[in-house]
Amino acid sequence: MLSLSNSFDKTDMEDFIKKIKNFLSFKQEKIELFSEPKIDGISASLVYENGMLTKGLSRGDGIVGEDILENLKTIAKIPKKIQSSNIPKLIEIRCEIYIGKRDFINIKDKFANPRNAAGGSLRQKNPKETSKIPLKYFAYGFGTVIPAIFKKQSEFLEKIKNWGFIINPLSKAVNGIEEIEKEHKKIESLRSSLDYDIDGLVFKVNDVSLQNRLGNTSHSPRWATAYKFSAEKAITKINEIAIQVGRTGAITPVAKVTPVTVGGVVVSNATLHNEEEIERKDIRIGDVVQIQRAGDVIPQVLSVDTSKRDKNSKKFIFPNKCLCGALTKKEISKSTKKEDAVRRCLKGYNCKFIAREKLKHIVSKEAFNIDGLGKKVIDQFWDLNFIREPSDIFKLDYKKISTLEGWGSLSVTNLKKAISKSKNVNLDKFIYSIGIRHIGQENAKIIADFFGSIDELSNLFNDKKRREILINLIELDGIGETQINSLENFFSNEKNINIVNNLMRQLNISNFSFKNSDGKFSNKKLMFTGGFQNISRSEAKAIVEQNGGKVLGTVSKKLDILVVGNSKPTKKKIDQARNLKIKIILEKEWNKILDG
Ligand code: IVH
C-alpha cells in the first residue's frame, strides 16, 4: 500500500491534472476524476477468495501487512461472504477503519484522538477487546482483482455497494478544475457535521485503464492526489526557541509554545523551518503567534502578532553552532550557486546528535522496519549507552533490557525476534538505510541495480576505485551530480566506512535482482531521443522499467537501444549511437515491440 501525494490549493490541483495529461499525452480538454472524502482512520485490506473473506491485513510497512482478520471480523458490516453471482475469483478490497466521533466521546480518556483509538483497537491481541470498541469502515479501493472487471472507480464503488459493502455517500465524478473547487468547498463546509474525521478529498482518475497506464512512483500513485482542507489554526505564545539536529545535520529551530489544542490535538512544539524564516518573519522569544496543524505534518508558526510584543523584546540571534559544539555552515548549491537556507552540522557520525537521528532512520518503517524499536526506544537506549552506531542494534544485551522498567519478557522476546528478522535485507534497502544524503528509496534502487551485490558496492570504500566508479553513475537516469557528490562525500569519510563495515558484518545482504527477468526489455539499457506520438517520455520510461529494462541518460557503449521518436529527435545522439554501433529503432518499431 502506498500513500497519496498532497495538494493544498487550486494551483496544486491544476498541476496534478497537467502532469497526468502530459504523462498520458492526453488530447481531450477534460479528464474525468472521481472525488471521495479522505477518511482519517486506519487502512486495511480485505481479501475475498471465491466470495469468502479469507484475509484481513493492516498496512504494516506498506509491503507486508499484519494479519488482523479476526479483529476485522468483529466489524459487523464487513461482509464475511459476498452474496452475489458473478463475483471475481479473487478480490482485494481496501478500506479505512474508523471510530465515529460520537462513539469516541465514551472512550476519549484512553486515547489522544479517534484515529489512535481505531489503531489501538485493531491491534488488540484478543478480538474480544476489539469488539468492545465500535469500529466502522468505508471501502474506497481495490488491489488485485482476478479477473479484472472494473473499468471505472465509480463503477467499482457502485458494484461493491450492491454486494453489501459500506461506501462513502459523499463521492462524485467531477470534470475540470471549477467542479473540483466547488466539490472541495462543499464537502469542507460539511466537515464538522460528519460523524467521522476527514482531512481532505481524494481525487482519482476515474478510468481504470488510465490509472494503470499512469502507475505509481515509489511513494504514491500518479493517478490520485489528496486535496487537503485548510489547516486548523490557533494562537499561543513562544516560550523558548530550541534547536534540533536532523540526520543530515540540518539545524531546525523549534518554537516551544504554551500548550494549545489545535484540531483536537495538544500542540507544544512548532517548527520555525530555518534561520531565514525566523529573520523574514522576525520571530522572537515571548511573541504571541498563530500556529497551524495540517494532517500528520509538524505544526508550524504562521505569523507574529507584533501588537502584543513586549517593548523590551530582542531579535532572536540564530546560533552558529550545532548542539555538539561544532560550527555550522550554509552550503552553496553547486547548480544554483546560491547559499542554502538551511544551516548544517557537517560532523556526520562524529556529532552525537546526528548519530542518534541516523539510528532513528535506520529502524524506521521504510528502512529496517524493526517493530518495537521506534524513536522513543532509540532515545532510551542511546541515553543508557546501549547503542552508538547501527551495528550496536544487533549486539544488544537483552538481559540488561529485561531489567528496565516497561520491558516485560514478552516485549523483549518480540524485540529480539524483530531485530533478528531484520538481519536479512536487500541491497537497495541497505543502501537507503545507511542514510546517505540525497539517496532516497528510488535512488537506492537505481544504485543497487548498478552494483548488483554488496561486494561490488564495497569497491566504493577504496578511494581510487570509487572515483572511477562514480563517473559511470552519471549515465543512470535519475542520478545526477548532487547524488554523485553526496556518495563521494559519504564514502570518503573513514568513520562512515567503519560504520558501514561494522553493520555489514551483522547482516545478510541479498543481491539486487530485477523483479522482471522475462520482460520485453529485460537487462537492456535504452535511451530516448525525440517525442512520441501518443505517450510521454515519463510513460515510455515507466514502460521500459515495467518490462525489466533501464533508461540511461547519455549515449555510451553500455547502451543497447536508442529509441528515436518522430518529434524532433537530436541528430547528435543518433550520430553518437551510430558511431558506437548501437541498435537504433524508430517509434513505429518500438510500438511493434510493445504490441507483439
Ligand atoms: S486511495 C495510496 N481513497 O489515505 C493508495 N485512500 O494517504 C490509494 N484514505 O492509505 C489510496 N480515504 O488509508 C484512498 N477515499 C480514499 C481514502 C484513502 C482514506 C487513506 C488510506 C491510504 C491513505 C493514503
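Our structure is the block above this text.
The structure reproduced in this document is the subject of the present report. Within each chain, residues carry numbers counting from 1 in the order of the written sequence. Local features in this predicted model are restricted to residues of pLDDT 70 or higher, and side-chain atom pairs are both shown and tallied only at a pLDDT of 80 or more, whereas totals for entire chains, interfaces and linings draw on every residue. The basis for every side-chain value is the complete set of non-hydrogen atoms in the structure, without hydrogens or water.

### Details of the overall build of the chain
- Working definition: helices are DSSP H or I runs of at least four residues, strands are E runs of at least two. Numbering for both runs from the N terminus. The helix and strand inventory of the chain stands at 22 helices and 22 strands.
- Restricting the calculation to C-alpha atoms gives the radius of gyration, and the globule rule supplies 2.2 Å times the number of residues raised to the power 0.38. Relative to its length of 596 residues, the chain is compact, with a C-alpha radius of gyration of 26 Å against a globular reference of 25 Å.
- Each of the three principal axes of the chain carries a C-alpha extent, and together these read 70 × 65 × 55 Å.
- Type-normalised accessible area, obtained with a 1.4 Å probe on protein chains alone, sets the label of each residue: buried when under 20%, exposed when over 50%, and partly exposed for intermediate values. Taking all 596 residues of the chain together, 47% fall into the buried category.
- Pairs of residues are marked as contacts when any of their non-hydrogen atoms sit within 4.5 Å. At a minimum sequence separation of 6, the contacts of the chain that also span at least 24 residues come to 66%.
- A total accessible area of about 31,400 Å² is found for the chain, and carbon and sulfur atoms account for 48% of it.
- In this tally Asp and Glu are treated as negative and Lys and Arg as positive; neither His nor the chain ends contributes. Where a charge lies is defined by one atom per residue type, namely NZ (Lys), CZ (Arg), CG (Asp) and CD (Glu). One way to put it: in the chain the 102 positive side-chain charges average out to a point 2 Å from where the 72 negative ones average out. Only the protein chains shown count as cover for residues, and the accessible areas themselves come from Shrake-Rupley with a 1.4 Å probe.

### A look at the pattern of salt bridges
- Throughout this description, the term salt bridge denotes a Lys or Arg side-chain nitrogen within 4 Å of a carboxyl oxygen of Asp or Glu. In total, this model carries 38 salt bridges according to the counting rule given.
- In this structure, Arg-213 and Glu-539 form a salt bridge, with 2.8 Å as the shortest nitrogen-oxygen distance. Here Arg-213 is found in helix 8 (residues 208-214), whereas its partner Glu-539 is found in helix 20 (residues 537-546), with 326 residues between them in sequence.
- One salt bridge in this structure joins Glu-277 and Arg-280, with 2.7 Å as the shortest N-O distance. With Glu-277 and Arg-280 both in helix 9 (residues 275-281) and 3 residues apart, this pair spans about one turn of that helix.

### A closer look at the site of the ligand
- When at least one non-hydrogen atom of a residue lies within 4 Å of a molecule or strand, that residue is treated as near it. Near the ligand you find 13 residues, and of these Leu-2, Glu-36, Ser-43, Glu-96 and Lys-204 are the closest.
- Glu-36 has a polar side-chain atom sitting 2.8 Å from a nitrogen atom of the ligand.
- Breaking the shell around the ligand down by element, the ones donating at least two residues are strand 2 (32-39) and strand 8 (198-205).
- Among the elements that make up the shell around the ligand, the one with the highest residue count is strand 2 (4 residues).
- Classification used: nonpolar for Ala, Val, Leu, Ile, Met, Phe, Trp, Tyr, Cys and Pro, charged for Asp, Glu, Lys and Arg, polar for all others including Gly. Along the lines of polarity and charge, the residues of the shell around the ligand split into 7 nonpolar, 2 polar and 4 charged. We call two N or O atoms a polar contact when they sit within 3.5 Å, provided that within protein one can donate a hydrogen and the other can accept it, with sequence-adjacent residues counted only if both atoms are side-chain atoms.

### Comments concerning unusual backbone geometry
- The omega angle of the peptide bond from Ile-146 to Pro-147 is -5 degrees, so this bond is cis rather than trans.
- Take Pro-147: it is sitting in the loop between strand 6 (135-146) and helix 6 (153-162).
- The backbone phi angle of Asn-86 is positive, close to 60 degrees, even though this residue is not glycine.
- You can see Asn-86 is positioned in the loop between helix 2 (69-73) and strand 5 (90-99).
- By relative accessible area, Asn-86 is classed as exposed at 72%.

### Some thoughts on the sheet that holds strand 22 (residues 583-586)
- Following DSSP output, two strands are said to pair if at least two bridges run between them. Reading across from one edge, 20-19-21-22 is the order of the 4 strands in this open sheet, with parallel pairing throughout. If you trace the sheet from one side to the other, it starts and ends with strand 20 (550-551) and strand 22, each paired once.
- Strand direction decides the pairing type here: strand 19 (residues 525-529) and strand 20, joined by 2 bridges, are parallel. Bridged to Leu-526 within strand 20 is Val-551.
- Fitted lines through C-alpha atoms serve as axes, helices being fitted only where they are in contact, and the angles separating the N-to-C directions of these axes extend from 0 to 180 degrees. Across the sheet, helix 21 (residues 571-579) lies against strand 19, strand 21 (561-564) and strand 22, angled at about 150 degrees from strand 21, the strand it touches most.

### Side note on the sheet that holds strand 1 (residues 5-7)
- The strand order across the open sheet formed by 5 strands is 1-9-8-2-7, and the pairing between neighbours is mixed. In this open sheet, the two edge strands, each paired with only one partner strand, are strand 1 and strand 7 (172-175). Pairwise comparison of adjacent strand axes, ignoring direction, gives a mean angle of 35 degrees for this sheet.
- Of the pairings in the sheet, the one linking strand 2 to strand 8 comprises 6 bridges and is antiparallel in character. Across the sheet, the residue bridging to Glu-36 is Val-202, located in strand 8.
- Most of the contacts of helix 1 (residues 10-24) go to strand 9 (residues 224-228), to which it runs at about 175 degrees, and overall it touches strand 1, strand 2, strand 8 and strand 9.
- Packed on one face of the sheet, helix 6 meets strand 2 and strand 8 and runs near 50 degrees to strand 2.

### Considering the side chain of Glu-183
- One can find Glu-183 in helix 7 (residues 177-190).
- The class of Glu-183 is buried, set by a relative accessible area of 4%.
- If near-sequence neighbours (up to four positions away) are discounted, Glu-183 is found in contact with Ser-35, Leu-170, Lys-172, Val-174 and Leu-201.

### What to know about the packing of aromatic side chains
- Stacked, tilted and edge-to-face are the three classes applied to pairs of Phe, Tyr and Trp rings, where Trp contributes its six-membered ring and a pair requires centres within 6.5 Å; stacked means planes under 30 degrees apart, edge-to-face means over 60, and tilted covers the rest. In the structure shown here, the tally under the stated rule is 20 aromatic pairs.
- Taking the centre distance of 5.5 Å and the plane angle of 50 degrees together, the rings of Phe-381 and Phe-386 count as tilted. Phe-386 matches Phe-381 in its accessibility class, with the two residues each being buried.
- Centroid distance Phe-381 to Trp-407: 5.7 Å. Interplanar angle 35 degrees. Geometry classified as tilted. With Phe-381 in helix 11 (residues 375-383) and Trp-407 in the loop between helix 12 (398-402) and helix 13 (409-421), this pair connects stretches of sequence that are 26 residues apart. In this pair, the class of Phe-381 matches that of Trp-407, namely buried.
- An aromatic cluster of three or more residues is present, and its members are Phe-142, Phe-150, Phe-156 and Trp-163.
- The rule for a charge over a ring is simple: NZ of Lys or CZ of Arg within 6 Å of the ring centre, and within 35 degrees of the ring normal. Seen from the ring of Tyr-349, Lys-358 lies directly overhead, with NZ or CZ sitting 5.3 Å from the centre.
- Note that Arg-388 overlies the ring of Trp-382, its terminal NZ or CZ placed 3.9 Å from the centroid.

### Focus on helix 4 (residues 114-122)
- Across the 9 residues that make up helix 4, a large majority, 7, are buried.
- Of all the residues in helix 4, the buried ones are Pro-114, Ala-117, Ala-118, Gly-119, Gly-120, Ser-121 and Leu-122.
- On its buried side, helix 4 packs onto strand 3 (42-49), helix 2, strand 5, helix 3 (101-105), helix 5 (127-132) and strand 6.

### A few points about the packing of helix 10 (residues 352-362) against helix 11
- It is at 9 Å that the axes of helix 10 and helix 11 come closest, and there the two elements cross at 135 degrees. Classed by the angle they form, the pair helix 10 and helix 11 counts as oblique. Seen from above, helix 10 lies across helix 11 with right-handed handedness. Facing helix 10, whose interface residues are Lys-352, Ala-355, Arg-356, Leu-359 and Lys-360, helix 11 presents Lys-375, Ile-378, Asp-379, Trp-382 and Asp-383.
- Residue classes in the contact of helix 10 with helix 11 are distributed as 4 nonpolar, no polar and 6 charged. Angular relationships are summarised with four words: roughly parallel below 35 degrees, roughly antiparallel beyond 145, roughly perpendicular across 65 to 115, and oblique for the angles in between. In this scheme the handedness of a crossing depends on how the near helix is turned from the far one: anticlockwise by less than a right angle means left-handed, clockwise means right-handed.

### What about the side chain of Ser-7?
- Its place among the elements puts Ser-7 in strand 1.
- In this structure Ser-7 comes out as buried when scored by relative accessible area, which is 3%.
- Engagement of the side chain of Ser-7 in a polar contact is seen with the side chain of Thr-225, the distance being 2.9 Å.
- Not counting residues up to four positions away in its chain, the partners in contact with Ser-7 are Asp-12, Met-13, Thr-225, Ala-226, Tyr-227 and Lys-228.

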